[in-house]
Amino acid sequence: MREFDLLCKEFEEMDGETYTALLLEKSATLVPALSLITANGLSGIAIFSTFIFGAIAADGRLSEEEYVLVYPLLHAFFGDEIDYESCKKAVKSMRAESKDLKETADEMVDVIGELSEDLKDDIILVCLMICSIDGKISHKEKQWIKKLIK
């Protein structure tokens, strides 16, 4: 677990430019790869969003940094109507559903891991990045990410 704690610390201290570049790089490869492995018609962006929302729900709150980071994804789904305040309200309403959302993401990463360990690693990395955007990965977030790693 020491390696995990060091990785968390590395992401907590990552500068914004590096963070954004890495997240864009991972997103650009993950969405098409996720689209290729689906058999039930889910799009890569829909699967990817499950992980994004699972990471956001891991601590039950949405920071402005998280919102700015996931805005392009949210905009793709909801268009121009989406704003920070409505997202905060949505995250608050997700608290009741957050256990289900996190369990769904956990199950999905297990299935994806059976198909591609590299894809699973990239998804976990993105979730870790989302959780670290506010400069601190909370205990709840760490516990959820550890479940994804199993």
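Structure: see above.
Residues numbered from 1 in each chain as written. Predicted model: local features only at pLDDT ≥ 70, side-chain atom pairs only at ≥ 80, totals over all residues. Heavy atoms only, no water.

Caption draft 1: Region of interest: the overall build of the protein chain. A count of helical and extended segments in the protein chain gives 8 helices and 0 strands. Counting helices and strands in the order they occur from the N terminus, the protein chain gives α-α-α-α-α-α-α-α. The long-range fraction of contacts in the protein chain, counting pairs at least 24 apart against all pairs at least 6 apart in sequence, stands at 71%. (Helix = DSSP H or I, 4+ residues; strand = E, 2+ residues; numbered from the N terminus. Contact = heavy atoms within 4.5 Å.)

Caption draft 2: Examining a nonpolar patch on the surface more closely. Where nonpolar side chains cluster on the molecular surface, the patch consists of Leu-36, Ile-37, Val-111 and Leu-115 and spans about 410 Å² of accessible area. Looking at the nonpolar patch, the elements that each hand over two or more residues are helix H2 (16–37) and helix H6 (98–115). Its place among the elements puts Leu-115 in helix H6. Judged by relative accessible area, which is 56%, Leu-115 ranks as exposed. (Patch = residues over 30% accessible without salt bridge, like charges linked within 9 Å, V, L, I, M, F, W, Y side chains within 5 Å. Areas by Shrake-Rupley, 256 points an atom, 1.4 Å probe, with all protein chains shown as cover. Salt bridge = Lys/Arg side-chain N within 4 Å of Asp/Glu carboxyl O. Buried < 20%, exposed > 50% of the residue type's maximum accessible area, 1.4 Å probe, protein only.)

Caption draft 3: A look at H2. Along its 22 residues, H2 runs 31 Å from first to last C-alpha, staying within 8% of the 32 Å computed at 1.5 Å per residue. Taken together, the buried positions of H2 are Tyr-19, Leu-22, Leu-23, Lys-26, Ser-27, Leu-30, Val-31 and Leu-34. Where H2 begins, one side-chain oxygen reaches toward the backbone nitrogen of Glu-17, 3.2 Å away; that side chain belongs to Asp-15. (Expected span 1.5 Å × (residues − 1). Polar contact = N/O pair within 3.5 Å; in protein donor to acceptor, adjacent residues only side chain to side chain.)

Caption draft 4: Spatial organisation of a negative patch on the surface. Together, Asp-100, Glu-103, Glu-107, Asp-110 and Glu-114 make up a negatively charged patch on the protein surface. With respect to the secondary-structure elements, Asp-100 resides in helix H6. (Lys, Arg positive; Asp, Glu negative; His and termini not counted. Charge placed at Lys NZ, Arg CZ, Asp CG, Glu CD.)

Caption draft 5: Inspection of the nonpolar core at higher detail. Formed by 37 residues in total, the largest nonpolar core has its most connected members in Phe-51, Ile-123 and Trp-144. The residues touching Phe-51, leaving out its near neighbours within four places in the chain, are Ala-105, Met-108, Val-109, Ile-112, Ile-123, Cys-127 and Trp-144. (Core = buried A, V, L, I, M, F, W, Y, C linked by side-chain atoms within 4.5 Å.)

Caption draft 6: Spotlight on the side chain of Lys-120. Take Lys-120: it is sitting in helix H7 (residues 117–132). Here Lys-120 occupies a buried position and makes no salt bridge, while the nearest side chain of opposite charge, Glu-117, is found at 4.3 Å. Aside from chain neighbours lying at most four places away, what touches Lys-120 is Val-109, Ile-112, Gly-113, Leu-148, Ile-149 and Lys-150.

Caption draft 7: Structural context of the pattern of salt bridges. Applying the stated criterion across every chain, the model contains 2 salt bridges. Residues Glu-13 and Lys-9 are paired through a salt bridge, measuring 3.4 Å at the closest nitrogen-oxygen approach. A salt bridge links Lys-26 to Asp-122; its shortest N-O distance comes to 3.0 Å. Placement of the pair is Lys-26 in helix H2 and Asp-122 in helix H7, with a sequence separation of 96 residues. The class for Lys-26 is buried, based on a relative accessible area of 14%.

Caption draft 8: Looking closely at the packing of helix H1 (residues 2–12) against H7. Orientation of H1 relative to H7, taken along the N-to-C sense of each, is 55°, at an axis distance of 9 Å. Our classification of the angle between H1 and H7 gives oblique. Crossing hand, H1 versus H7: right-handed. Of the residues in H7, those in contact with Leu-7, Cys-8, Phe-11 and Glu-12 of H1 are Leu-125, Leu-128, Met-129 and Ser-132. By residue class, the composition of the contact of H1 with H7 is 6 nonpolar, 1 polar and 1 charged. (Axes fitted to C-alpha atoms, helices over the stretch in contact; angles between N-to-C directions. Parallel < 35°, antiparallel > 145°, perpendicular 65-115°, else oblique. Left-handed = near helix turned anticlockwise from the far one by under 90°. Nonpolar A, V, L, I, M, F, W, Y, C, P; charged D, E, K, R; others polar.)

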